[in-house]
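Residue-level structural notes
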Amino acid sequence: MPYRVHCMVCAGTGCVSNRSLDVREALEREIRKRGLQEEIQVVTTGCNGFCAVGPLMVVQPDGIFYQQLTPKDIPYLVEEHFIKGRPAQKLMYTPPEAPSPIPRMSDIPFFKHQRLIALRNRGLIDPEKIEDYIARDGYQALVKALTRMTPEQIIEEITRSGLRGRGGAGFPTGVKWRKVREASGEPKYIICNGDEGDPGAFMDRSIFESDPHSVIEGMLIGARAIGARHGVVYIRNEYPLALERIQIAIQQAREYGLLGENILDSGLDFDISVTRGAGAFVCGEETALIASVEGRLGDPRARPPYPSEYGLWGKPTCINNVETWANVPPIIMHGADWYSQIGTERSKGTKVFSLVGKVRNTGLVEVPMGITLRELIYDIGGGIPGDKKFKAVQTGGPSGGCIPAGMMDQPIEYVAPDGKREARDYLDLPIDYESLTDVGSMMGSGGLVVMDEDTCMVDVARYFLAFTQDESCGACTPCREGTKLMLDILNRIVEGHGTMDDLRALEEIGWVVKQTSLCGLGKTAPNPVLTTIKYFRDEYVAHIEAHKCPARVCRELNTYRIDPVICVERGHGCGVCRRECPEKAIFGEKNQPHRIDPALCKKCGVCVDVCHFNAVIVE
Amino acid sequence: MPKLKIEDLARIRDQARRSTLLREGAGRVKIIVHLGTCGIAAGGRNIMAAVLRELEERNLEDVLVSTSGCAGLCSREPMMTVEVLGQAPVKYVDLTEGKVREIFAEHIVGGRIAERYALAVGSERAM
Ligand SMILES: Cc1cc2nc3c(=O)[nH]c(=O)nc-3n(C[C@H](O)[C@H](O)[C@H](O)COP(=O)(O)O)c2cc1C
Ligand code: SF4
Ligand code: SF4
Ligand code: FES
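Residues numbered from 1 in each chain as written. Chains lettered and ligands numbered in written order. Predicted model: local features only at pLDDT ≥ 70, side-chain atom pairs only at ≥ 80, totals over all residues. Heavy atoms only, no water.

1. Section: the overall build of chain A
- Helices and strands together make up the secondary structure of chain A, namely 25 helices and 20 strands.
- Against the compact-globule benchmark of 25 Å for 619 residues, chain A has a radius of gyration of 27 Å, which places it among compact chains.
- The dimensions of chain A, computed from C-alpha atoms along their principal axes, are 85 × 65 × 50 Å.
- Looking at the 619 residues of chain A, the share that counts as buried comes to 58%.
- Considering only residue pairs separated by 6 or more positions, chain A has 68% of its internal contacts joining residues 24 or more positions apart.
- Total accessible area computed for chain A in this model is approximately 24400 Å², and 49% of it derives from carbon and sulfur atoms. (Helix = DSSP H or I, 4+ residues; strand = E, 2+ residues; numbered from the N terminus. Rg over C-alpha atoms; globule rule 2.2 N^0.38 Å. Buried < 20%, exposed > 50% of the residue type's maximum accessible area, 1.4 Å probe, protein only. Contact = heavy atoms within 4.5 Å. Areas by Shrake-Rupley, 256 points an atom, 1.4 Å probe, with all protein chains shown as cover.)

Structure, rendered in structure tokens:
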């Protein structure tokens, strides 16, 4: 008998870590207990995107969205929704300023503005069932590519679609495919780059987790186009769920004969193996990745020659990012014209972003290229939590830069598709590869960190540089030594020992590292530092000259004092801070104002946390 | 598992599509069985079972079934609403399993409203 209801329970990494598997179990138990197992199916899906409110579940066909579920909620939910037929309001999502909950997923602003192409099946299929993928026209693009298109036509279609690499650099995918096809040397290889090492990024992992067959189908089409017989999926060992799902998917595709010899009787032979990466950021760089697949140390080498001529085992190799591959089947299915009408003049289609930081709705979003930062941060992201002011957004991860909010009075020049130039507030800047580069940042793989007034930009720069410095493979001097020097200077500045000469040196070294490093890691590592110096120079100067951290993040620079009036009038000199201070730096009597001895205070911040009356002031 | 041919792929797709179509909330016909306390007391669950059985037997892929609470007409339960895409919803009342069968044949498959069981055509709008 067909089921009348499908409960799509999210089992992406975010929801699983919030115990969504327990919720699923409770749900299955309750459904059995109520005798509804013939009517209601529980389906486990990959990341739904709105991780901020997980564990979550969507009940179809009505599209009712339940959030922040715990196993305890389940009996009530089943009783109300499935027995009595009235969706359980109190388990639905209510946006911060809204008067009442929004029942349907499609009406929730977070989802309303998205356009799903790479993530077209997210939340709709069980990623461990190839039939679910096939039901949604899966492998039909492959059929088309095998039976009705020549390899030339496939490459032409991808080229005309305007698809560009989603792994960071944005290289035109069709052009790369053609190069590999035309390169001499056999056999040819295909690689899917699923290393994704930027902190906070989980776009690619999520594609593997929610729709692994979309990557396999993309690679199959690529194999036909360029004439490859073997493909490699490179994926981090730290992504166990993604690893498991892609392996299951490959196995199923093999059993169905969609991988192997003479696929669908077309004469195409192609198979995929999986290589687990050890988790170094530099292994995402294509030449380092290839070295790692070959079993050598994951060190980058100078290019040219590019992998398209000299790649895996010295053979022509087509390496593309996970999201790039996942875009291929819809393009072949619906055509280049369809795809290229989405996006901007030079950046077509959609991009998946992981929206994190000081924004209400964190999660994974797929939006058309050309969407503005305002739409992303406010319409989808729901704005900044609390009454905080929006300060900056960081794009492109450790290789990217910070774009400040305060460019209101310095609008940037925007060149419209028709060539007209106009001044725009940068928040209204359409996001694409070029516009982000123009403002000193980059698209990167799609990390988007929102920052508010409580974020110290010097600290942010230091955080990212500490990451790249640590991840530098050390093969070339500018990156190895340069990033170390820069990090030393940044450490001095946040501790209050920096000088203006340091600041000048920081910029100079930054430019040298950028221009002389061997691989993209070193070439981009200074970006977070250089852009924050460019847009937030004041903050650096405040750290250096006034020994102050304006955002009060850099602990060493803060001074602590107790407001005597608040302490007595509101707190009656309760003395909690005095008892909790690990340095015994606070003095005072009950009902009397308390006082911090600056000579003893080690600036640990405990007193701020323990005072119930906000009497401790940080300056 | 035998190796797939292109026709097999289409067959698997058509078979599996029924479930994913439901997940997409897309369908030609939507049936809402009223399962408030009154509906359940009047035998609404049997009506639901009958509806699902019809779907199965007739192999209908484009029909969605959902439930709602009390429609405010407790005396005429069990009830269901049938909504064909692009047409006004029809409320059927005082249902039995036999009537469900007839409504399927005439309205859901045949496209003619089974007027003798219909309460009214059209309904108040929710929300
Ligand atoms: C330090 C460094 C790390 C990189 N990490 C990744 C990564 O995790 N995933 C990825 O797809 N590309 C990464 N790249 C880019 C790859 O070198 C390569 O350009 C990309 O995989 C090509 O695929 P695309 O054209 O589809 O973007 C990285 C580059 C550098 C320099
Ligand atoms: S730039 Fe850095 S990561 Fe790249 S090769 Fe040089 S040392 Fe290694
Ligand atoms: S910051 Fe730490 S050391 Fe200083 S007064 Fe407060 S609790 Fe004591
Ligand atoms: S993991 Fe569940 S929404 Fe992302």
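2. A few points about the environment of Ala525(A)
- Tracing the chain through its elements places Ala525(A) in the loop between α20 (520-524) and α21 (527-535).
- Sequence-wise, Ala525(A) and Val513(A) are 12 residues apart; in three dimensions their C-alpha atoms are separated by 8.0 Å.

3. So, the interface of chain B and chain A
- Chain B puts 35 residues into the contact, and the matching count from chain A is 41 residues.
- When residues of chain B are sorted by the area they lose upon contact with chain A, Lys3(B), Leu9(B) and Arg23(B) head the list and together hold 22% of the total.
- In this structure, the connection of chain B to chain A is made through 5 salt bridges.
- Asp132(A) is paired through a salt bridge with Arg23(B); the nearest N and O atoms lie 3.0 Å apart.
- Connecting chain B to chain A are 11 residue pairs in polar contact (both at pLDDT 80 or more).
- Every element with two or more residues in the side of chain B that touches chain A is listed here: α1 (6-23), α3 (44-58) and β2 (63-68) of chain B.
- Considering each element in turn, the side of chain B that touches chain A owes the most residues, 12 residues, to α1(B). (Buried area = accessible area lost by both parts, 1.4 Å probe. Salt bridge = Lys/Arg side-chain N within 4 Å of Asp/Glu carboxyl O. Polar contact = N/O pair within 3.5 Å; in protein donor to acceptor, adjacent residues only side chain to side chain.)

4. Description of the side chain of Asn321(A)
Residue and element names in this part refer to chain A.
- Looking at where Asn321 falls in the secondary structure, it is placed in strand β9 (residues 317-321).
- At 2.9 Å, the side chain of Asn321 and the side chain of Asp204 are in polar contact.
- In contact with Asn321, not counting residues within four places along its chain, are Arg166, Gly167, Asn193 and Asp204.

5. What to know about the site of ligand 3
Residue and element names in this part refer to chain A.
- As a matter of local geometry, ligand 3 sits amid 13 residues, with Cys581, Cys601, Cys604, Gly605 and Cys607 nearest to it.
- According to the grid-proximity analysis, the pocket containing ligand 3 is the largest cavity.
- Of the residues belonging to the shell around ligand 3, the class tally is 9 nonpolar, 1 polar and 3 charged. (Near = heavy atom within 4 Å. 1 Å grid on protein atoms, 1.4 Å probe; cavity = no way out; pocket = protein on both sides within 12 Å on 5 of 7 lines; lining within 4 Å. Sits in = over half its atoms within 2 Å of the grid points. Nonpolar A, V, L, I, M, F, W, Y, C, P; charged D, E, K, R; others polar.)

6. As for the packing of aromatic side chains
Residues and elements named next belong to chain A.
- In this structure the tally under the stated criterion is 12 aromatic pairs over all chains.
- Look at Phe50 and Tyr93: their rings are 5.2 Å apart centre to centre, the planes differ by 70°, and that puts the pair in the edge-to-face class. Highlighted residues: Phe50 in the loop between β2 (40-45) and β3 (57-60) and Tyr93 in the loop between α3 (74-83) and α4 (109-112), separated in sequence by 43 residues. With respect to burial, Phe50 and Tyr93 carry one shared label: buried.
- Judged by centre distance (5.2 Å) and plane angle (70°), the rings of Tyr463 and Phe464 are edge-to-face.
- Owing to a relative accessible area of 5%, Phe464 belongs among the buried residues under this scheme. (Phe/Tyr/Trp six-rings, centres within 6.5 Å; stacked < 30°, edge-to-face > 60°.)

7. Thoughts on the pattern of salt bridges
All names here are of chain A.
- Evaluated as defined, the whole model comprises 51 salt bridges over all chains.
- Between Glu539 and Lys391 there is a salt bridge, with the nearest N and O atoms lying 2.7 Å from each other. With Glu539 in helix α22 (residues 537-546) and Lys391 in strand β12 (residues 390-395), this pair connects stretches of sequence that are 148 residues apart.
- Overall, the relative accessible area of 14% leaves Lys391 in the buried class.
- Between Glu619 and Arg561 there is a salt bridge; the shortest N-O distance is 3.2 Å. In this pair, Glu619 sits in the segment after β20 (616-618) while Arg561 sits in strand β17 (residues 560-562), placing the two residues 58 residues apart along the sequence.

8. Description of the site of ligand 2
- Surveying the vicinity of ligand 2 reveals 13 residues, the closest of which are Cys473(A), Gly474(A), Cys476(A), Cys479(A) and Cys519(A).
- A breakdown of the residues in the shell around ligand 2 according to their chemical character gives 9 nonpolar, 4 polar and no charged.

9. Observations regarding the confidence of the model for chain A
- Averaged over every residue, the pLDDT of chain A is 91; residues scoring 70 or more account for 96%.
- Residue range residues 408-412 of chain A is modelled with pLDDT below 50. Its contacts to residues more than four positions away, or to other chains, number 12 contacts. (pLDDT = per-residue confidence, 0-100.)

10. Describing the nonpolar core
Residue and element names in this part refer to chain A.
- Formed by 68 residues in total, the largest nonpolar core has its most connected members in Tyr139, Trp177 and Phe270.
- With 8 residues, helix α10 (residues 212-226) is the largest single contributor of residues to this core.
- Core analysis: the second largest hydrophobic core is formed by 39 residues, Leu355, Ile403, Ala405 and Leu429 among them. (Core = buried A, V, L, I, M, F, W, Y, C linked by side-chain atoms within 4.5 Å.)

11. Some remarks on the sheet that holds strand β6 (residues 228-236) of chain A
Residues and elements named next belong to chain A.
- Strand order in the open sheet formed by 5 strands is β7-β8-β6-β5-β9, and the pairing between neighbours is mixed. Looking at strand neighbours, the two that pair on one side only are β7 (260-263) and β9, the edges of this open sheet. Strand after strand, the sheet turns through a mean of 25° between neighbouring axes, direction not considered.
- Note that strand β5 (residues 188-194) and β9 share 5 bridges and pair parallel. Paired with Asn193 across the two strands is Asn321, which belongs to β9.
- Lying over the sheet, helix α12 (residues 286-293) contacts β5, β6, β8 (268-277) and β9, oriented at roughly 100° with respect to β6. (Pairing = 2+ DSSP bridges. Axes fitted to C-alpha atoms, helices over the stretch in contact; angles between N-to-C directions.)

12. Considering the domain arrangement of chain A
All names here are of chain A.
- Each assigned domain of chain A is listed with its residue range as follows: domain 1 (5-91), domain 2 (130-339), domain 3 (350-452), domain 4 (457-545) and domain 5 (559-618).
- The centre of domain 2, based on its C-alpha atoms, is set 35 Å off from the matching centre of domain 4.
- Where domain 2 abuts domain 4, roughly 800 Å² becomes buried across the two surfaces, and 79% of that area is made up of carbon and sulfur atoms.
- For the pair domain 2 and domain 4, the interface holds 1 residue pair in polar contact (both at pLDDT 80 or more).
- Residues belonging to the side of domain 2 that touches domain 4 are distributed by class as follows: 6 nonpolar, 1 polar and 3 charged. (Domains from an automatic or database assignment.)

13. Focus on empty space enclosed by the protein
Residue and element names in this part refer to chain A.
- Scanning all chains against the criterion turns up 5 cavities of 30 Å³ or more.
- Here the largest cavity defines a volume of roughly 90 Å³.
- Along its surface, the largest cavity is lined by 14 residues, and Cys581, Ile586, Cys601, Cys604 and Cys607 are the ones closest to its centre.
- For the lining of the largest cavity, the per-class residue count stands at 10 nonpolar, 1 polar and 3 charged. (Points joined across faces, edges and corners; volume = space filled by probe spheres on them.)

14. Here's the deal with the sheet that holds strand β10 (residues 350-357) of chain A
All names here are of chain A.
- The sheet built from 5 strands is open, its strands ordered β11-β10-β16-β12-β13 with mixed pairing. Of all the strands in the sheet, just β11 (363-368) and β13 (401-404) have a single pairing partner and so form its edges. Neighbour-to-neighbour, the strand axes of the sheet open up by a mean angle of 30°, direction not taken into account.
- In the sheet, β10 pairs with strand β16 (residues 447-452) via 4 bridges, with the strands oriented parallel. Bridging across to β16, Gly357 finds its partner in Val450.
- Here α21 sits on the sheet and contacts β12 and β13; the angle it forms with β13, its principal contact strand, is near 25°.

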